[in-house]
Amino acid sequence: MEKRADTILVTGGAGFIGSNFILHWLANESANVVNLDKLTYAGNPANLLSASSDRRYKFLQGDICDRDLIAELLITHRPRAIVHFAAESHVDRSIHGPDDFIRTNVNGTFSLLEEAREYWAGLTGAEKDAFRFLHVSTDEVYGSLGPEDAAFTESTRYSPNSPYSASKAASDHLVRAYFHTYGLPVLTTNCSNNYGPFQFPEKLIPLVILHAIGGKPIPVYGDGQNVRDWLFVTDHCEAIRSVLTRGKGGETYNIGGRNEVKNLDVVNSICSALDELRPNDPVMPHAKLITFVTDRPGHDRRYAMNATKIESELGWKPRETFETGIRKTILWYLENDAWIQGVTTGAYRQWMATQYSL
Ligand code: NAD
Ligand code: TYD
């Protein structure tokens, strides 16, 4: 890859949203992509097989906590933007072992900010003006809503409840501080729950699909009445692209699908779709597999995003409804057995045994 080519640096691009973002970017933009990913259990280069032959794409295995590596990478590739996805992302894992969440989400973001600041300070003229650091965050930093509460806005008070959301909140605050203190041109996006292709099957939607087709118990925490605001992953990727192109430095943007669904309704809708698509599965109807299990400690009851700002200021809107998005997602998992076999290996089975005694 040539120096000074138009390039963006993506961190965590081998994960669920990062890989969808890179594929979406290469299909819609001309700039090169350098993907820095540590390849933890959640990182999977197979997500990017279709990008591997694109000469605009380059993969580097490495840790965002490694400051020498980041410094070198910035000097070599001179990106015009950093899009920062790399994180530990699963709430249940953060309850079992928060250390990695603090290391990557807090210290890793700090390392990246420090090196970005140094790099940006050395830029001049148009290159300096154009540079952006886009930090990808979550609605979970705002805490939990009651049934009648208004959806989260960008000015809702931070109130994180899990080690995961607390670590993301800490990283959001660092990003904010780098704008106010040093003038680093940052953008922060806080998005609701994503679903779609390439999501690791420790998260609710892919886990339910795989358990339903495999005739395994479908674990629903507590009473199943917790509400999440679901967004199809490509809609999130488009929102990030809009913020990167048109967002105002120092601003935060909430992203959500206005698709509030109770967990039990999510599970039932997947089961009904599979009844139609897979009538010969081992257990029919699939909903017979629903099993209520002990609730997650500190389980947030409801998330809902008010996405008015990004809609009105940047003209973004989700394309998928929950009905269309979940259908696409189910079909993707049914058609990608090789990918599923690749990710449900030793480490995955170990996690399932720890979390569910399955
Ligand atoms: P993921 O767990 O699927 O992927 C995370 C990626 O980061 C993996 O490829 C992993 O290898 C990489 N990574 C982890 N630690 C690293 C390190 N120290 N250095 C370099 N790479 C490292 O996560 P995701 O669901 O794709 O989420 C991506 C981002 O979006 C996260 O910051 C998350 O907080 C945020 N987010 C996720 C959701 C969601 O519903 N999944 C919603 C809103 C925001
Ligand atoms: P998850 O996909 O882990 O996302 P998050 O915790 O970030 O919202 O979980 C989505 C919802 O589904 C959440 O309320 C917890 C619940 N859940 C279950 O009921 N059973 C499960 O096995 C999992 C993984 C999640």
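All values reported here derive from a predicted model rather than from experimental measurement.

Caption draft 1: Quick peek at the sheet that holds strand E1 (residues 7-11). Pairing in this open sheet of seven strands is parallel, and the strands run E3-E2-E1-E4-E5-E6-E11 from one edge to the other. The open sheet has two free edges, formed respectively by strand E3 (57-61) and strand E11 (252-255), since each of these has just one partner strand. Strand-to-strand twist of the sheet, defined as the mean angle between neighbouring strand axes without regard to direction, takes the value 20°. In terms of strand pairing, strand E4 (residues 81-84) meets strand E5 (residues 132-138) through four bridges, oriented parallel. In the sheet register, Ile82 faces E5, and the bridge partner there is Phe133.

Caption draft 2: Broad picture of the pattern of salt bridges. The full count for this structure, using the stated rule, is 20 salt bridges. Across the pair Glu127 and Arg78 runs a salt bridge, and its minimum N-O distance is 3.0 Å. Of this pair, Glu127 sits in helix H5 (residues 125-130) while Arg78 sits in the loop between helix H2 (67-77) and E4, and the two are 49 residues apart along the sequence. On the basis of relative accessibility, which here comes to 32%, the residue Glu127 falls in the partly exposed class. Across the pair Arg93 and Glu202 runs a salt bridge, and its minimum N-O distance is 2.6 Å. Remark: Glu202 occurs in the loop between strand E7 (194-195) and helix H7 (204-214) and Arg93 occurs in helix H3 (residues 91-96); sequence separation between them is 109 residues.

Caption draft 3: Quick peek at the site of ligand 1. As a matter of local geometry, ligand 1 sits amid 28 residues, with Ile17, Asp37, Ser89, Tyr164 and Lys168 nearest to it. The separation between an oxygen atom of ligand 1 and a polar main-chain atom of Thr40 is 3.0 Å. A distance of 2.9 Å separates a nitrogen atom of ligand 1 from a polar side-chain atom of Asp63. Its free accessible area being 830 Å², ligand 1 has 97% of it covered by the protein chains. The leading source of residues in the shell around ligand 1 is E5, at three residues. Partitioned by chemical class, the residues of the shell around ligand 1 number 12 nonpolar, 12 polar and four charged.

Parameters at a glance
- Residues numbered from 1 in each chain as written.
- Chains lettered and ligands numbered in written order.
- Predicted model: local features only at pLDDT ≥ 70, side-chain atom pairs only at ≥ 80, totals over all residues.
- Heavy atoms only, no water.
- Pairing = 2+ DSSP bridges.
- Helix = DSSP H or I, 4+ residues; strand = E, 2+ residues; numbered from the N terminus.
- Axes fitted to C-alpha atoms, helices over the stretch in contact; angles between N-to-C directions.
- Salt bridge = Lys/Arg side-chain N within 4 Å of Asp/Glu carboxyl O.
- Buried < 20%, exposed > 50% of the residue type's maximum accessible area, 1.4 Å probe, protein only.
- Near = heavy atom within 4 Å.
- Polar contact = N/O pair within 3.5 Å; in protein donor to acceptor, adjacent residues only side chain to side chain.
- Areas by Shrake-Rupley, 256 points an atom, 1.4 Å probe, with all protein chains shown as cover.
- Nonpolar A, V, L, I, M, F, W, Y, C, P; charged D, E, K, R; others polar.

On their own, these measurements won't tell you what the molecule is for.
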